[in-house]
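Fold and contact review
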Amino acid sequence: MSTIRIPGYRSPGGIRASRIALTVWLVITIAATASWPQMRRPEGLPQSAHAEVDGLALTPPMGWYPWNMFGEEPQNEKLIKEIADALVASGMKDAGYAYVGPDEGICFSRGKDGKLSTNLERYPSGLRGLGDTIHAKGLRYALYTDAGEKTCSTAMPGTKGHEFEDMRSFADWRADYIKIDWCNSQGQDIVQTYALLGKAQRAAGRPVVHSLCSWGDGYPWIWAGAIGHMWRTTADICGPGKADWARALRIAFANEKLAGFAGPGRWNDPDMMIVGMPGLSEAQNRSLFSLWCMMASPLIAGNDLRDMSRPTVDILTNLEAIAVDQDPLGAQSHVVWNDGNISLWAGKPLFDGSQAVLVLYQGKYKADKKIYWEELGLRASDELYVRNLWTHETTGPHAGSVSVAVGPDDVAFLRLSKKNDFPIPPILVADTYLVSLRSKGARPETLTGKVTVTNRGSSDLPQWRIDPKSLPPWLKAAVAGSGKARTFVNTVSTAGLKKGAYYAVVRADNVEPISGKPMSALYYDVDLEVTRNVRR
Ligand code: GLA
């Protein structure tokens with residue numbers, strides 16, 4: 001076998017993969033996975049990856065969820081709004097973090113009619129109101145539920161037996177991301193259950209990132225790409241408020257073995273991050289973040305964003321590290337070797353032909369480590385520039401090897417390239433995801449509302465495409481601008497419309513310029529309120 005096909009990954013021209021390193025990795029992966037009883041993909045699932053249909057999460061989702069820091073208490077509207085504000089103010093929104101919302105936090109209950117309704121004591125604006133607030137800030141709305149009878153704490157209803165109506169409620173609340181837990185699901189077939197939930201989501205008509213949370217139960221990496229976009233691979237990274245470094249590392253080393261299953265729109269999820277939680281050192285925060293970026297993991301922060309030290313903000317917003325996570329090729333790194341103290345992580349080709357490499361040091365004293373190109377699948381004669389993604393310095397060109405110094409619990413996080421240039425792929429940030437328009441009277445009017453999307457990466461953005469056939473007759477959407485900021489101009493003609501509420505989801509697609517891969521589809525909502533019947 002000469003190459004390993006990582007689905008969705010085209011070997012970049014500049015750097016050749018070494019047969020030996022990849023074959024060793026394949027043998028280890030097969031040995032580690034040989035005991036999985038369900039190696040074959042279950043029958044009856046959709047043929048294509050779910051992300052191919054909705055174009056969502058083609059790079060790992062980024063955001064914040066409350067569980068790791070807060071648990072169930074005190075989750076409420078005030079907390080979520082304060083965190084959303086902190087996410088914007090800290091610069092995290094500008095670094096690409098977007099999904100935010102409650103985890104298991106007693107936010108809804110089931111009424112006698114079988115429908116979910118908001119817990120208004122905790123969420124006085126209603127779960128739809130909270131969604132609108134989040135969308136207006138240019139953020140994405142995340143919600144949580146469970147595939148069983150009840151959620152893990154048993155405080156909230158699960159979706160069992162109510163899959164279609166619950167997914168309808170989440171769509172009505174305008175969720176963009178739903179985490180679906182696997183507690184209290186005794187006797188349920190995991191594939192059938194999540195497949196049914198996927199079907200229910202599609203029937204509800206609102207594209208959402210589907211985050212499966214079975215902690216690795218049922219080997220979701222084998223089949224869940226047909227249903228959703230990401231799946232937890234392990235148990236929880238910590239109990240609420242109790243960051244645990246040793247446990248986080250165990251999770252990283254378990255998740256790393258599943259590298260071959262990840263790719264654009266299909267992500268192994270080693271859990272929300274613990275970066276910035278009490279009890280972790282700056283080096284540990286840096287290492288955890290680097291590992292998550294190398295593993296193309298969803299970057300869901302789990303700390304209190306209202307109370308962050310400067311180093312924590314700098315770690316969470318390091319665009320050079322985020323560029324590795326958000327790389328459009330979507331390859332997940334794996335361990336090349338591990339002597340118990342030092343491990344070398346590679347197998348992460350990037351969109352411009354460079355590659356990311358990480359040295360994790362678990363020893364007690366500072367160490368120097370030489371990385372040889374051949375260990376990385378490169379030729380000894382290659383002359384490479386080395387970018388340090390934490391010090392932001394480039395050295396080289398180096399022939400054959402480079403030496404790095406690493407301290408306890410710290411990493412050397414590098415990008416290697418034949419060119420002295422380390423472009424950052426498009427990182428998109430919107431001023432809003434909600435356009436709200438209101439007509440004034442019975443005369444026909446033309447109303448416009450805009451959404452501006454800025455690319456914080458360094459590579460150019462081709463023009464977005466919106467399929468006009470996907471829009472209702474009352475709405476037109478066009479894209480204006482060039483360079484870093486593009487504006488979606490939404491124009492409504494009210495002529496002939498009847499009094500009432502109108503609603504559309506606009507989808508825009510784009511192609512990443514260097515890799516040629518589709519970028520995650522961009523969706524936003526347009527609300528139109530027509531206050532009186534309008535003449536033609
Ligand atoms: C499970 C999940 C956690 C969190 C809790 C809520 O343990 O893995 O991430 O959602 O449930 O109860």
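Residues numbered from 1 in each chain as written. Predicted model: local features only at pLDDT ≥ 70, side-chain atom pairs only at ≥ 80, totals over all residues. Heavy atoms only, no water.

The helix and strand tally for the protein stands at 12 helices and 25 strands. Its C-alpha atoms give the protein a radius of gyration of 23 Å, near enough to 24 Å, the size a compact globule of 536 residues would have. With the C-alpha coordinates of the protein rotated into their principal frame, the extents come out at 75 × 55 × 45 Å. A buried classification covers 60% of the 536 residues belonging to the protein. Sequence separation of at least 24 residues holds for 73% of the intrachain contacts in the protein that already meet a minimum separation of 6. Accessible surface computed for the protein: about 21000 Å², of which carbon and sulfur atoms make up 52%. If the 60 positive side-chain charges of the protein are averaged to one point and the 56 negative ones to another, these points end up 7 Å apart. (Helix = DSSP H or I, 4+ residues; strand = E, 2+ residues; numbered from the N terminus. Rg over C-alpha atoms; globule rule 2.2 N^0.38 Å. Buried < 20%, exposed > 50% of the residue type's maximum accessible area, 1.4 Å probe, protein only. Contact = heavy atoms within 4.5 Å. Areas by Shrake-Rupley, 256 points an atom, 1.4 Å probe, with all protein chains shown as cover. Lys, Arg positive; Asp, Glu negative; His and termini not counted. Charge placed at Lys NZ, Arg CZ, Asp CG, Glu CD.)

Take the sheet that holds strand S8 (residues 230-232) next. In a beta sheet, neighbouring strands pair by backbone hydrogen bonds and run either parallel or antiparallel. Here 8 strands make up an open sheet; going across it, the order is S9-S8-S7-S6-S5-S2-S1-S10 and the pairing parallel. The two strands at the open ends of the sheet, each matched to only one other strand, are strand S9 (267-269) and strand S10 (299-301). Bridging between S8 and S9 involves 3 bridges; their strand directions are parallel. Considered in S9, the bridge of Trp231 is made with Asn268. The sheet contacts of helix H7 (residues 190-204) involve strand S6 (177-181) and strand S7 (209-213), and relative to S7 the element is tilted by about 160°. (Pairing = 2+ DSSP bridges. Axes fitted to C-alpha atoms, helices over the stretch in contact; angles between N-to-C directions.)

A few words now on the environment of Arg438. With respect to the secondary-structure elements, Arg438 resides in strand S20 (residues 434-438). Its relative accessible area of 54% is what places Arg438 among the exposed residues. In the structure, Arg438 is positioned 58 residues away from Ala380 in sequence and 65 Å away in space, judged by C-alpha atoms. Excluding its chain neighbours within four sequence positions, the residues that come into contact with Arg438 are Leu447, Glu529 and Thr531.

Here the focus is the site of the ligand. Close contacts around the ligand come from Trp67, Asp103, Glu104, Tyr144, Cys152, Lys179, Asp181, Cys213, Trp215, Arg232, Asp236 and Met272, and that covers them all. Between the ligand and Asp181 there is a distance of 2.7 Å, counted from an oxygen atom to a side-chain nitrogen or oxygen. Computed on the free molecule, the ligand has an accessible area of 310 Å², of which 93% lies beneath the protein chains in the complex. Residue composition of the shell around the ligand, by class: 6 nonpolar, no polar and 6 charged. (Near = heavy atom within 4 Å. Polar contact = N/O pair within 3.5 Å; in protein donor to acceptor, adjacent residues only side chain to side chain. Nonpolar A, V, L, I, M, F, W, Y, C, P; charged D, E, K, R; others polar.)

Note that Leu116 resides in strand S4 (residues 116-118). The class for Leu116 is buried, based on a relative accessible area of 6%. Through-space distance from the C-alpha of Leu116 to that of His162 is 9.5 Å; in sequence the pair is 46 residues apart. Contact partners of Leu116, with chain neighbours within four places excluded, come to Phe108, Ser109, Arg110, Pro157, Asp166, Ser169, Phe170 and Trp173.

Another point: the state of the cysteines. Applying the stated rule across the entire model yields 1 disulfide. Here Cys152 pairs with Cys183 through a disulfide, and the sulfurs are 2.0 Å apart. Between Cys152 and Cys183, the disulfide has an S-S torsion of 90° and is therefore right-handed. Linking Cys152 in the loop between strand S5 (140-146) and helix H6 (163-172) with Cys183 in the loop between S6 and H7, this pair joins segments that are 31 residues apart in sequence. Free of any disulfide, Cys213 has its nearest neighbouring cysteine sulfur in Cys152, separated by 7.0 Å. (Disulfide = S-S within 2.5 Å.)

Moving on to empty space enclosed by the protein. Tallied over the entire structure, the rule returns 3 cavities of 30 Å³ or more. The volume enclosed by the largest cavity comes to roughly 70 Å³. Contributing to the lining of the largest cavity are Tyr65, Tyr177, Lys179, Ser211, Cys213, Met230, Arg232, Asp269, Asp271, Met272 and Ile300. Elements supplying a minimum of two residues to the lining of the largest cavity: S6, S7 and S8. Broken down by class, the residue content of the lining of the largest cavity amounts to 6 nonpolar, 1 polar and 4 charged. The wall of the second largest cavity is formed by Arg140, Asp176, Arg206, Pro207, Val505, Tyr523, Tyr524 and Asp525. Examining the composition of the lining of the second largest cavity, we find that 3 residues originate from one element, strand S25 (residues 522-530), more than from any other. Taken together, the residues of the lining of the second largest cavity sort by class into 4 nonpolar, no polar and 4 charged. (1 Å grid on protein atoms, 1.4 Å probe; cavity = no way out; pocket = protein on both sides within 12 Å on 5 of 7 lines; lining within 4 Å. Points joined across faces, edges and corners; volume = space filled by probe spheres on them.)

Spatially, S20-S25-S24 is the arrangement adopted by the 3 strands of the open sheet, whose pairing is mixed. Two strands in the sheet have a free side with no partner beyond their single neighbour: S20 and strand S24 (500-508). Direction aside, the axes of adjacent strands within the sheet are offset by 15° on average.

On to the pattern of salt bridges. Enumeration according to the criterion identifies 29 salt bridges in this entry. Between Lys160 and Glu149 there is a salt bridge; the shortest N-O distance is 3.7 Å. With Lys160 in the loop between S5 and H6 and Glu149 in the loop between S5 and H6, this pair connects stretches of sequence that are 11 residues apart. The exposure class of Lys160 is partly exposed, given its relative accessible area of 36%. One salt bridge in this structure joins Asp410 and Arg286, with 2.8 Å as the shortest N-O distance. Of this pair, Asp410 sits in the loop between strand S17 (401-406) and strand S18 (411-417) while Arg286 sits in helix H10 (residues 282-294), and the two are 124 residues apart along the sequence. (Salt bridge = Lys/Arg side-chain N within 4 Å of Asp/Glu carboxyl O.)

Here we come to the confidence of the model for the protein. For the protein, per-residue confidence averages 93 on the pLDDT scale, and residues scoring 70 or more make up 93% of the total. The low-confidence segment residues 1-22, where pLDDT is below 50, has 36 contacts with residues more than four positions distant or belonging to other chains. (pLDDT = per-residue confidence, 0-100.)

Take the nonpolar core next. Of all hydrophobic cores here, the largest spans 93 residues; its most connected members are Tyr97 and Phe289. Ignoring sequence-local partners within four residues, the contact set of Phe289 consists of Tyr97, Met273, Val275, Leu299, Ile315, Leu316, Ala321, Ile322 and Trp390. Val451, Trp464, Val492 and Val530 belong to the second-largest nonpolar core, a separate cluster that totals 28 residues. (Core = buried A, V, L, I, M, F, W, Y, C linked by side-chain atoms within 4.5 Å.)

All right, on to H10 then. Taking 1.5 Å of rise per residue, 13 residues should cover 18 Å, and H10 covers 18 Å from first to last C-alpha, within 8% of that figure. Along H10, the residues classified as buried are Ala283, Gln284, Asn285, Arg286, Ser287, Leu288, Phe289, Ser290, Leu291, Trp292, Cys293 and Met294. (Expected span 1.5 Å × (residues − 1).)

With that settled, consider the packing of helix H4 (residues 77-89) against helix H5 (residues 126-136). Where H4 meets H5, the axes come as close as 11 Å, and the angle between the chain directions of the two elements is 10°. Classified by the interaxial angle, the pair formed by H4 and H5 is roughly parallel. Packed against H4, whose contacting residues are Glu77, Ile80 and Lys81, the element H5 presents Gly126, Leu130, Thr133 and Ile134 at the interface. Split into classes, the residues belonging to the contact of H4 with H5 amount to 3 nonpolar, 2 polar and 2 charged. (Parallel < 35°, antiparallel > 145°, perpendicular 65-115°, else oblique.)

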